[in-house]
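Each chain is listed here by its residues.
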Amino acid sequence: VLLGVTGVAGVAAVLTVAGVVCCAAAMSGDLLQDLKVGHVLGGTPWRMEVVEVITVVICALVLVLPMMALHEVYGIGGKELPAPQASLMALLAQGVVGGRMPWALVIMGMLFAAALIFLRAPSPMLIAVGMYLPFYSTAAIFVGGVFRWLFEKRASQKALSLPEKTRAENTGILLASGLVAGESLMAVLLALLVLGANLTGTAFHLPTVSLLAWPGLFVFGLLGYLLLWLPIRDACSSPN
C-alpha cells in the first residue's frame, strides 16, 4: 500500500511539474505573439513588458470569472467548448494514476511519430495536432491555409517588394488576430447574457444553426476577401 501511495504521489508530482512547464511554455508563446503585434504597431519593448506584467496579474485575478461562466453555459470539455488539450491531459492523468492507460494506443502513436520523422514529413506536429483537434477546428485551419496560399499568389501577381510583402503580412496577421479575439469575446458575452437571463428569470437561449443561418456564409466570404484585399492595398499604398 505504501509503495502504491508513493507511486501515485510521484506520478501526481510529475504531472504537476509537467502542467507548470506546459503553462509556462504556452504563456511564452502568447507573450511572443503579443510582442510581435506590439512591434508591428510601433510599441517600445519596455512599455510592452510593463503592460504584460500588469495584465498577467489582472488576468490571474479576473480570468477565473469568465471561465466559470463559460463552464456554466457551455461546459468545458463538452461539444460547444471541447478543450481538446485539457481533455487529452486529463485522459493521460487518469490513465496513469488509475492504472488504465491504453498503452497499445500510446505505443502506436509513438511508432507513427517515428515513421513520420523517418519519412521526412514536412510538419509532423501539425499532423499530430490535427489528429486530436475537432474536425471543425482543423477545417478552419485548412481554410486559413487556403487564404494564405491565395495571398501568396496575389502578392506574387502584384510583384511586391520584400518590405511591401512584410507590411501586407503584418496587416493580415492583425486582421486575423482581431477575428480570433472577437470570436472569443463574443463567446464570453453570450455566456454572460445567458447567466444574466437565468438570474433575472428571463428566457434566453443560445442561437442554433438553422436554414436562416446559412446566408451568414456570405459574411465569411466577405471576410476572406477583406483578408486578401486589405493587406495588399495597404502595402501598395504605403510610401517607399
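Everything quoted here is computed from the prediction, not taken from an experiment.

Draft legend 1. Representation of the overall build of the protein within the structure. If you tally the helices and strands in the protein, you get nine helices and zero strands. Shown N-terminal to C-terminal, the secondary structure of the protein runs as helices and strands in the order α-α-α-α-α-α-α-α-α. Taking all 240 residues of the protein together, the buried fraction comes to 12%. Summarising the internal contacts of the protein: among those between residues at least 6 apart in sequence, 66% fall at separations of at least 24.

Draft legend 2. Inspection of the pattern of salt bridges at higher detail. As enumerated under the stated definition, the model contains three salt bridges in all. Between R148 and E152 there is a salt bridge, with its nearest N and O atoms 3.0 Å apart. With R148 and E152 both in helix α7 (residues 135-158) and four residues apart, the pair spans about one turn of that helix. The partly exposed category is assigned to R148, whose relative accessible area is 41%. E152 sits in the partly exposed class, given a relative accessible area of 26%. E152 is the salt-bridge partner of K165, the closest N and O atoms lying 2.9 Å from each other. Placement of the pair is K165 in helix α8 (residues 162-200) and E152 in helix α7, with a sequence separation of 13 residues.

Draft legend 3. Structural view of the side chain of N170. Considering the arrangement of structural elements, one finds N170 in helix α8. The exposure class of N170 is buried, given its relative accessible area of 18%. Non-local contacts of N170, meaning those with residues more than four positions away in its chain, are made with K36 and V40.

Draft legend 4. Spotlight on unusual backbone geometry. In this model, R120 sits at a positive phi of 60°, which is unusual for a non-glycine residue. Turning to its location among the elements, R120 is positioned in the loop between α5 (103-118) and α6 (124-132). Positive phi outside glycine occurs at A159, with the angle close to 55°. The topology assignment puts A159 in the loop between α7 and α8. Exposure remark for A159: the relative accessible area of 61% places this residue in the exposed category.

Draft legend 5. Representation of the environment of K165 within the structure. Classification of K165 as partly exposed rests on a relative accessible area of 27%. Distance in space between the C-alpha atoms of K165 and P231 is 8.8 Å, their sequence separation being 66 residues. Once residues lying within four places of it in the same chain are set aside, the contact partners of K165 are E152 and L160.

Draft legend 6. Structural view of the packing of aromatic side chains. Under the definition given, this model contains one aromatic pair. For the pair Y225 and W229, a centre-to-centre distance of 6.2 Å together with 5° between the ring planes defines the contact as stacked. One end of the pair, Y225, and the other, W229, are both in helix α9 (residues 216-237), four residues apart, so they sit about a helical turn from each other. The class of W229 is partly exposed, set by a relative accessible area of 36%. In this structure, R233 is placed above the aromatic ring of W229, and the distance from its NZ or CZ to the ring centre is 4.9 Å.

Draft legend 7. Fine view of the layout of surface pockets. The calculated volume of the second largest pocket comes to roughly 630 Å³. Along its surface, the second largest pocket is lined by 18 residues, and L88, L105, V106, G109 and M131 are the ones closest to its centre. For the lining of the second largest pocket, the secondary structure elements donating two or more residues are α4 (84-98), α5 and α6. Looking at the lining of the second largest pocket, its residues break down into 17 nonpolar, one polar and no charged.

Draft legend 8. Local environment of the confidence of the model for the protein. On average, the protein scores 80 in pLDDT, and the residues at 70 or more come to 89%. Within the protein, helix α1 (residues 2-40) has the poorest average pLDDT of any element, 74, and α5 the best, 88. This stretch, residues 1-5, has a pLDDT under 50; its non-local contacts, to residues over four places away or in other chains, come to zero contacts.

Draft legend 9. Representation of the packing of α7 against α9 in the model. At their nearest, the axes of α7 and α9 sit 10 Å apart, and the two run at 35° to each other. Between α7 and α9 lies a crossing whose hand is right-handed. Counted together, F147, L150, F151, R154, A155 and K158 of α7 and G224, L228, P231 and I232 of α9 form the full contact between these two elements.

About the thresholds
Residues numbered from 1 in each chain as written. Predicted model: local features only at pLDDT ≥ 70, side-chain atom pairs only at ≥ 80, totals over all residues. Heavy atoms only, no water. Helix = DSSP H or I, 4+ residues; strand = E, 2+ residues; numbered from the N terminus. Buried < 20%, exposed > 50% of the residue type's maximum accessible area, 1.4 Å probe, protein only. Contact = heavy atoms within 4.5 Å. Salt bridge = Lys/Arg side-chain N within 4 Å of Asp/Glu carboxyl O. Phe/Tyr/Trp six-rings, centres within 6.5 Å; stacked < 30°, edge-to-face > 60°. Lys NZ or Arg CZ within 6 Å of the ring centre and 35° of its normal. 1 Å grid on protein atoms, 1.4 Å probe; cavity = no way out; pocket = protein on both sides within 12 Å on 5 of 7 lines; lining within 4 Å. Points joined across faces, edges and corners; volume = space filled by probe spheres on them. Nonpolar A, V, L, I, M, F, W, Y, C, P; charged D, E, K, R; others polar. pLDDT = per-residue confidence, 0-100. Axes fitted to C-alpha atoms, helices over the stretch in contact; angles between N-to-C directions. Left-handed = near helix turned anticlockwise from the far one by under 90°.

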